[in-house]
Amino acid sequence: MLDVVTADRVVGQMITEHPLIGYVPTIYFLGTRFENLRVAGNPVELDLDHEVIGPKPADDAPYTKEQGFLSRVSRQYDRIRQHKDLPAELSERYNRLSSTLGGSETVECSLVNQASGRYPGHTFGT
């Protein structure tokens, strides 16, 4: 991003364990990390939630129907929507996402709980 956002290393790791019987895998993000992440030269610390998806749902149910997962995602959406400076278009987007949560085969969420540091700009939901 033209040297505004930099990192020495970005590791995005997703591990899936597929069962011998059934279809839904167990999913892990262990090992995902950002090393020396910076915005405009300023260090950024991220609090990552490697467990956002949670345990494999019972009875081969999809994650998109699992209440624990949906609850964690709903809390992310709430945190974002409650930000006092949230632009209207983002508020509309997260209200729309919230209204479809649990009724779709896709879910938009983040591994990032919080970003901290003295960098320019705004973060929402952290």
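Predicted model, so just to flag it, every value in this text is computed and none were measured.

Regarding its fold elements, the protein presents 2 helices and 9 strands. When its C-alpha atoms are laid out on the principal axes, the protein stretches across 50 × 35 × 20 Å. Per-residue burial for the protein yields a buried fraction of 25% across its 126 residues. Within the protein, counting contacts between residues at least 6 apart in sequence, those at least 24 apart form 59% of the total.

Before going further, it helps to examine the pattern of salt bridges. If the charged atoms of two oppositely charged side chains come close together, the side chains can form a pair. In this structure the tally under the stated criterion is 4 salt bridges. A salt bridge links glutamate 92 to arginine 96, with the nearest nitrogen and oxygen atoms 4.0 Å apart. Note that glutamate 92 and arginine 96 are positioned in helix 2 (residues 88-100) at a spacing of 4 residues, about one turn of the helix. On the accessibility criterion, arginine 96 (45% relative accessible area) is partly exposed. Its salt-bridge partner being glutamate 108, residue arginine 93 comes within 2.5 Å of it at the nearest N-O pair. Here arginine 93, found in helix 2, pairs with glutamate 108, found in the loop between helix 2 and strand 9 (112-116); they are 15 residues apart in sequence, far enough to count as distant. Since its relative accessible area comes to 30%, glutamate 108 is described here as partly exposed.

A few words on the side chain of glutamine 76. By the element assignment, glutamine 76 lies in helix 1 (residues 67-81). For glutamine 76, a relative accessible area of 7% gives the class buried. Excluding residues within four positions of it along the chain, glutamine 76 makes contact with Val52, Cys109 and Ser110.

Positive phi outside glycine occurs at alanine 40, with the angle close to 50 degrees. Residue alanine 40 is classed as partly exposed on the basis of its relative accessible area of 44%. At aspartate 59, a residue that is not glycine, the phi angle is positive and equals roughly 55 degrees. Residue position: aspartate 59 is located in the loop between strand 8 (45-48) and helix 1. The exposed category is assigned to aspartate 59, whose relative accessible area is 80%.

Rules used throughout
- Residues numbered from 1 in each chain as written.
- Predicted model: local features only at pLDDT ≥ 70, side-chain atom pairs only at ≥ 80, totals over all residues.
- Heavy atoms only, no water.
- Helix = DSSP H or I, 4+ residues; strand = E, 2+ residues; numbered from the N terminus.
- Buried < 20%, exposed > 50% of the residue type's maximum accessible area, 1.4 Å probe, protein only.
- Contact = heavy atoms within 4.5 Å.
- Salt bridge = Lys/Arg side-chain N within 4 Å of Asp/Glu carboxyl O.

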